[in-house]
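Observations on the three-dimensional arrangement
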Amino acid sequence: MRIVCIGGGPAGLYFGLLMKKLHPEHSIRVVERNRPYDTFGWGVVFSDATMAAMQEWDPESAAEIQDAFNHWDDIEVWFKGTRQRTSGHGFVGIGRKKLLNVLQKRCEELGVELIFETDVTSDLDFPDADLVIGSDGLNSKIRNHYPEVFQPDMITRPNRYIWLGTNKLYDAFTFDFRKTDHGWFQAHIYKFDDQTSTFIIETTEEAYLAHGLDKMDQDGSIAFCENLFREVLDGAPLMTNSRHLRGSAWLNFNRLICGKWSHFNGNSHVVLMGDAAHTAHFAIGSGTKLAIDDAIELTRQFQMHGHGREAIPAVLETYEEIRRVDVARIQNAARNAMEWFEVVGRRYADRLEPQQFMYSMLTRSQRISHENLRLRDKTWLEGYERWFAKKSGVAVGNDRCLPPMFTPYQLRGTTLINRIVVSPMAMYSAQDGLLNDFHIVHLGSRALGGAGLVFAEMTCVSPDARITPGCLGLWNEEQAAQWRRLVDFVHTNSAAKMGIQIGHAGRKGSTRLAWDGIDQPVSEGGWPLISASAVPYLKNSQVPKAMDRADMDRVKADHVRAAELAVTTGVDWLELHCAHGYLLSSFLSPVTNLRDDEYGGSHENRARYPLEIFRAMRAAWPEDKPMSVRLSCHDWMDGGNTPEDAAIFAQMFKDAGADLIDCSSGQVSKNEQPVYGRLFQTPFSDKIRNEVGIPTIAVGAISEADHANSIIAAGRADLCAVARPHLADPAWSLHEAAKIGLTSIAWPKQYQAGKYQYEANLARAATAAPAK
């Protein structure tokens, strides 16, 4: 084949040398606009996995690269006058120039034709090529020639950064956070050869402008940074190799995702690789890794499908299918890390103590979890667990300390034995709103299973407030009596606290039991619906009446009556449901609130009625007991509420006396397009807790102790609500404790024999030889 690589970065060079090595008959050219053995940039970071792959595919270049690598295990954080260090992280760094020079030399040895100082504007300049590799970077002219094909989605991120270097050498990957009168700056520092360290400085646009950095030349910016980071620099100067850039050389990171990576232009197949196809933020150092991995995978597909022109379509299709998954995974982690640094000042640095700030930074990408930290640096993590436990009021001794999810939590006069909540989950098993034996067994078993707080499903304030005929209610004394029976059982037989979530279904009411057709209207025995506006939930749903003042007064009185009845049941916690498209949620969301009176329009107007109800309920609820609010923190659709809107509402409820925000999302409209994933709703809790300054519950895809410990230890939430895993396993909390080797957690005395056997079986399985 005739192959042309446009762009002499890591992707183009490495693909070129691999293909020439494996099939010398190929004619391969790499065309680069810069001079030979000339490049810009400082150091780049590799993963151990990428290095291992390079050793497999081309041991010769890998050996030379490895000789030039600088390896370090430690991360050190300078923050608020402290220096904290943890080990076991295994980074390797190399100068970008050195890396490219090694790859250029290897290409020449193998017979790859290198063409320099040639600026290619189009793939059509090579009509005889069978395959054109668009590896020409973020501003790829090859990609930009076919925007309708490649569908590039480029987003310019808000932070500013400048990429500098210094001759001071650091023995750890060092982060230095400095506060100025106008905001926080952070430096990302790592050694990449025996003379030089990379020194990237990042800040917000607001701080960048307030300090006048936009008006400074590069020398002025360097002088500013040298003064700001003088302690960590210890007198060493900063250097730039970006004199080719105009102005101050402060940049914005551009996040790129392409809808498609390959194209046939009529003569040649064209495929994108590296930064031309995708970018990943330097916060996890993965751009070069992705480029090398692209080159390896494309080569692997030619090895599998054949090295002839006829194999190219199948090769490119499979290459993109495989790489898109891994790139998405890395980009998601990079996005998490990038967003952490974008809000580090207002969300973390101003609020968290140094110990928790360090933990939050280490786990910022959500790829590193609590137990992963234990594998990396057990001593450091156990020290942090002792600090966290002591902050939570636990007496700390020499024995194994309680991990974060099992530390107690106090809010007003209520203390939970741990941070795990059984999330409210509809059971559709009541008659006339009454708790029955099913609910006693269902909820009682979860309390016996070790959770700190157990919620029943949303409990409705009137017969016409129910979602289905099978939903719980609290509008009369008979219902309250059954609640007292449940609460008495839980308090007598477990250490769990019991909570009631009060709500009104609004336009989502009068529907069938879930297993008979979820969200579908009942065929008989239904009731009229009310909502903020006359907007049905489904096309075939009943159209609700837009509430007038009389409706509002009646429903508010229903909520107060439910709160007063809840007081008589002895429950420990009250929550008001303002999420998931139910009545109060329908006021908060602009998707469902189309009113033009004082209850529609602005945030203040949309929140007016939910706040009226909250204040009236709070006045009826005991002062020494907590009251929380569940919010939909993202409507997941154009025109709906976003996390920024949720933070505004959270502040309003906080000001009204709410103790905690239960951070859920979605279910406001069937037109939603949620983005699911591991801990996908935790960022909403993180934002509200640390920007609004109110305790939160994280929910959604939390399924193991490692998840809960990571969330709570990092300060992303105070409590974790677990739903589906509790349906599968009533004793989820006790079992998760045993799985992480925590044998000090008490089981009900009736179950002690089961505890010993369960723990023994886990220990036996852990030490058993793997099956052959």
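**Some remarks on the pairing of strand β6 (residues 82–86)**
Where strand β5 (residues 75–79) lies against β6, five bridges are found, and the strand directions are antiparallel. Across the sheet, residue Val-77 finds its bridge partner in β6, namely Gln-84. What sits between β5 and β6 in their antiparallel hairpin is a turn of two residues, with Lys-80 showing a positive phi close to 50°.

**As for the sheet that holds strand β7 (residues 91–95)**
Taken in spatial order, the three strands line up as β3-β7-β4 in an open sheet, and their pairing is antiparallel. Looking at strand neighbours, the two that pair on one side only are β3 (43–46) and β4 (70–72), the edges of this open sheet. Adjacent strand axes in the sheet meet at a mean angle of 30°, parallel and antiparallel pairs treated alike. Where β3 meets β7, four bridges bridge the pair, whose relative direction is antiparallel. Following the sheet pairing, Gly-43 is matched in β7 by Gly-95. Sheet strands in contact with helix α4 (residues 96–110) are β3 and β7, and its direction is about 75° off that of β7.

**Quick notes on the sheet that holds strand β9 (residues 131–134)**
One open sheet holds the six strands; their spatial order is β8-β2-β1-β9-β17-β16, and the pairing between them is mixed. At either end of the open sheet lies a strand with only one pairing partner, and these are β8 (113–115) and β16 (262–264). Between one strand axis and the next, the sheet turns through 15° on average, direction left out of account. Summarising the sheet, strand β1 (residues 2–6) and β9 pair through four bridges and their orientation is parallel. Across the sheet, the residue bridging to Ile-3 is Leu-131, located in β9. Contacts from helix α1 (residues 10–22) reach β1, β2 (27–31), β8 and β9 within the one sheet, and its direction differs from that of β2 by about 165°. In this fold helix α11 (residues 312–342) packs onto β9, β16 and β17 (269–272), with an angle of close to 15° to the strand it touches most, β17.

**Examining the pattern of salt bridges**
Two side chains bearing opposite charge may form a pair once their charged atoms approach each other closely. Throughout the structure, instances matching the rule amount to 57 salt bridges. Note that Glu-60 is salt-bridged to Arg-106, the shortest N-O span being 3.2 Å. Linking Glu-60 in helix α3 (residues 59–68) with Arg-106 in helix α4, this pair joins segments that are 46 residues apart in sequence. Classification of Arg-106 by relative accessible area gives buried; the value is 10%. For Glu-691, the salt bridge is made with Arg-346, and the minimal N-O distance between the two is 3.4 Å. Residue Glu-691 is found in helix α22 (residues 682–692), and its partner Arg-346 is found in helix α12 (residues 344–349); the two are separated by 345 residues along the sequence. Among the residues examined, Glu-691 registers a relative accessible area of 22% and is labelled partly exposed.

**Re helix α20 (residues 603–620)**
Across its 18 residues, α20 extends 26 Å between first and last C-alpha, which sits within 8% of the 26 Å expected from 1.5 Å per residue. Along its length, α20 shows its largest kink, about 40°, at Tyr-609, and proline Pro-610 lies within four residues downstream of that point. Where α20 is concerned, the buried positions are Asn-605, Arg-606, Ala-607, Tyr-609, Pro-610, Leu-611, Glu-612, Ile-613, Phe-614, Met-617 and Arg-618. Check the buried side of α20 and you find it contacts β23 (497–503), α18 (549–569), β26 (573–578), α19 (583–588), β27 (627–632) and α21 (643–656).

**Some points on the nonpolar core**
In this structure, Tyr-14, Phe-15, Phe-177, Leu-298, Phe-357, Trp-483 and Leu-631 are the most contacted members of the largest nonpolar core, which totals 202 residues. Per-element tally for this core: the top contributor is α11, with eleven residues. Every residue in contact with Leu-298, bar those within four places of it in the chain, is listed here: Phe-15, Ile-133, Val-271, Met-273, Val-315, Leu-316 and Tyr-319. With 22 residues, the next largest nonpolar core counts Trp-78, Tyr-170, Ala-207 and Ile-222 among its residues.

**What about the packing of aromatic side chains?**
Where two aromatic rings form a pair, the distance of their centres and the angle of their planes describe that pair. Here the structure, examined in full by the defined rule, presents 36 aromatic pairs. Centre to centre, the rings of Tyr-428 and Trp-515 are 5.9 Å apart; their planes meet at 85°, and the pair counts as edge-to-face. Of this pair, Tyr-428 sits in the loop between β20 (420–422) and α16 (437–448) while Trp-515 sits in the loop between β23 and β24 (530–531), and the two are 87 residues apart along the sequence. An aromatic cluster of three or more residues is present, and its members are Trp-72, Phe-79, Phe-173, Phe-175, Phe-177, Trp-184, Tyr-190, Trp-340, Phe-341, Tyr-348 and Phe-357. Its end group placed over the ring of Trp-527, Arg-466 keeps NZ or CZ at 4.8 Å from the ring centre. Directly above the aromatic system of Tyr-537 lies the positively charged group of Lys-508, at a separation of 4.6 Å from the ring centroid.

Procedures and definitions
- Residues numbered from 1 in each chain as written.
- Predicted model: local features only at pLDDT ≥ 70, side-chain atom pairs only at ≥ 80, totals over all residues.
- Heavy atoms only, no water.
- Pairing = 2+ DSSP bridges.
- Helix = DSSP H or I, 4+ residues; strand = E, 2+ residues; numbered from the N terminus.
- Axes fitted to C-alpha atoms, helices over the stretch in contact; angles between N-to-C directions.
- Contact = heavy atoms within 4.5 Å.
- Salt bridge = Lys/Arg side-chain N within 4 Å of Asp/Glu carboxyl O.
- Buried < 20%, exposed > 50% of the residue type's maximum accessible area, 1.4 Å probe, protein only.
- Expected span 1.5 Å × (residues − 1).
- Bend = angle between axes of the 7 residues up to and from the residue.
- Core = buried A, V, L, I, M, F, W, Y, C linked by side-chain atoms within 4.5 Å.
- Phe/Tyr/Trp six-rings, centres within 6.5 Å; stacked < 30°, edge-to-face > 60°.
- Lys NZ or Arg CZ within 6 Å of the ring centre and 35° of its normal.

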